[in-house]
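The chain contents come next:
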Amino acid sequence: VDARRPRARARARARDGAGDDDDASALDMDALRARVRALAKREEALETLRIVVLDASVPKQVLPLEFDGANVERTLNAGTALGRDARVGDRFGMLGQAPSNGQILPNGVEVTVTRAMVRPNGGESLIELTASRRFKIVGAPFEDEANGSAPSARVCWIPDTEGAGEQTVAGGVEEPGAVDPAECDAECAALAAELPALVDEWRALVISRKRERQPDQLKLILSQIGDIPGSNRPAELSLWVAALINPIPALGVAYEIRPAILCAPTTGHMVRIASQGIKLSINSLRDGPQI
């Protein structure tokens, strides 16, 4: 028997093992490069917005603001301001506050100045903000030295068809997690299908119970938020319902659901919030007195 053969086989196994290690290292490096590319792509998608704190508006809502002549900086909440030079076309990221404790929300909407008027006598001004895209803040807010040290933040845009996903306030760039923002199971799809009929009932009750706070208030609201999306677009439909039952100016007939719907992680969560909100409002309108 050749005593060298076991050693030869051992050397062969060692060479095979080294090959496996090399393959594993190559795979690890490929995965690392892919992750770096994905992170870089997400970084490129971030945008810096000047932040103001006032109202938890949802897309398409219109917020008219009046400022007296003494408030030249047009200050809002939490030390934020529109600034004395705000003009049509200027963009801001607007955050609301939680109704329960006043905590500033991590998610909000982009708002654009769509009207800016200054009265000649006294200097009072009217600024109209129109809400559009949803966003969530990534990382910590900061004072932007390039923009007069204005409160600012890097934001990640939330797709129209999805929930907000996982929060990324404390960390850096968002990484894929366990939450699927587009998740909407069969139960939620059924709830979404019910919403158009619930909207019809809600509108009829608001009118029959005389709950409008100004003439033709519902017509004004609908002219701003547009036609109701179909139930095959459940995220957009949920946001539309929130804009309807929590309008600007307020009707006072529904619990405030906009902060919750802005922070809802999935489409399914958004639908459940909208469904519960409008059903509670309908029950209140049915049982409440006519005004």
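Numbering of residues begins from 1 in every chain and follows the order in which that chain's sequence is written. In keeping with the predicted nature of the model, local features appear solely for residues at pLDDT of at least 70, side-chain atom pairs appear and are counted solely at 80 or more, and the whole-chain, interface and lining totals rest on all residues. Calculation of side-chain values draws on the structure's entire complement of heavy atoms; hydrogens and water are dropped beforehand.

**Re empty space enclosed by the protein**
- The rule is simple: put a 1 Å grid over the protein atoms alone, call a set of points where a 1.4 Å probe fits but cannot get out a cavity, call an open set with protein on both sides within 12 Å along at least five of seven lines a pocket, and count a residue as lining if it has an atom within 4 Å of a point. Grid points are joined across faces, edges and corners, and a volume is the space filled by probe spheres set on the points. Scanning all chains against the criterion turns up one cavity of 30 Å³ or more.
- In this structure, the largest cavity spans a volume of roughly 40 Å³.
- Around the largest cavity, the lining residues are Lys60, Gln61, Val62, Ile221, Gln224, Ile225, Ala243, Pro247 and Ile248.
- Secondary structure follows DSSP: runs of H or I at least 4 residues long count as helices, runs of E at least 2 residues long count as strands, and numbering of each begins at the N terminus. Sort the elements by how many residues they give to the lining of the largest cavity and helix H3 (residues 217-225) lands first, with three residues.

**Structural notes on the confidence of the model for the protein**
- Looking at the protein, the pLDDT average stands at 87 and 82% of residues meet or exceed 70.
- Averaged over each element, pLDDT in the protein is lowest for helix H1 (residues 4-45) (60) and highest for helix H4 (residues 234-245) (98). Confidence scores labelled pLDDT are given residue by residue by the predictor and lie between 0 and 100.

**Regarding the side chain of serine 275**
- By the element assignment, serine 275 lies in helix H6 (residues 267-287).
- We call a residue buried when its accessible area falls under 20% of the maximum for its residue type, exposed when it is over 50%, and partly exposed in between, using a 1.4 Å probe and counting protein chains only. Exposure remark for serine 275: the relative accessible area of 3% places this residue in the buried category.
- Two residues qualify as a contact provided that any one of their heavy atoms is within 4.5 Å of a heavy atom in the partner residue. Apart from the residues lying within four places of it in its own chain, the contact partners of serine 275 are Leu191 and Leu195.

**Topic: the packing of aromatic side chains**
- Aromatic pairing here means that ring centres of Phe, Tyr or Trp (its six-membered ring) are within 6.5 Å. Orientation follows from the plane angle: under 30 degrees is stacked, over 60 is edge-to-face, and everything else is tilted. The tally for this structure, following the rule as stated, stands at one aromatic pair.
- Judged by centre distance (6.3 Å) and plane angle (90°), the ring pair of phenylalanine 135 and tryptophan 157 falls under edge-to-face. Here tryptophan 157 lies in strand E6 (residues 150-157) and phenylalanine 135 lies in strand E5 (residues 125-144), a separation of 22 residues in the sequence.
- Judged by its relative accessible area of 0%, phenylalanine 135 falls in the buried class.
- For tryptophan 157, a relative accessible area of 19% puts it in the buried group.
- Cation over ring: arginine 133 sits above tryptophan 157, and NZ or CZ is 3.6 Å from the ring centre. A ring is scored as having a charge over it whenever the NZ atom of a lysine or the CZ atom of an arginine sits within 6 Å of its centre and within 35 degrees of its normal.

**Comments concerning the pairing of E6**
- Summarising burial for E6: six of the eight residues are buried, a large majority.
- Any two strands with at least two DSSP-identified bridges between them are counted as paired. By the bridge criterion, four bridges tie strand E1 (residues 47-53) to E6 in an arrangement that is antiparallel. Counterpart to glutamate 47 in the pairing with E6 is valine 155.
- One ladder, built from seven bridges, connects E5 with E6; its direction is antiparallel. Paired with glutamate 143 across the strands is proline 151, a residue of E6.
- The turn linking E5 back onto E6 is made up of five residues, and glycine 148 within it adopts a positive phi angle of 65°.

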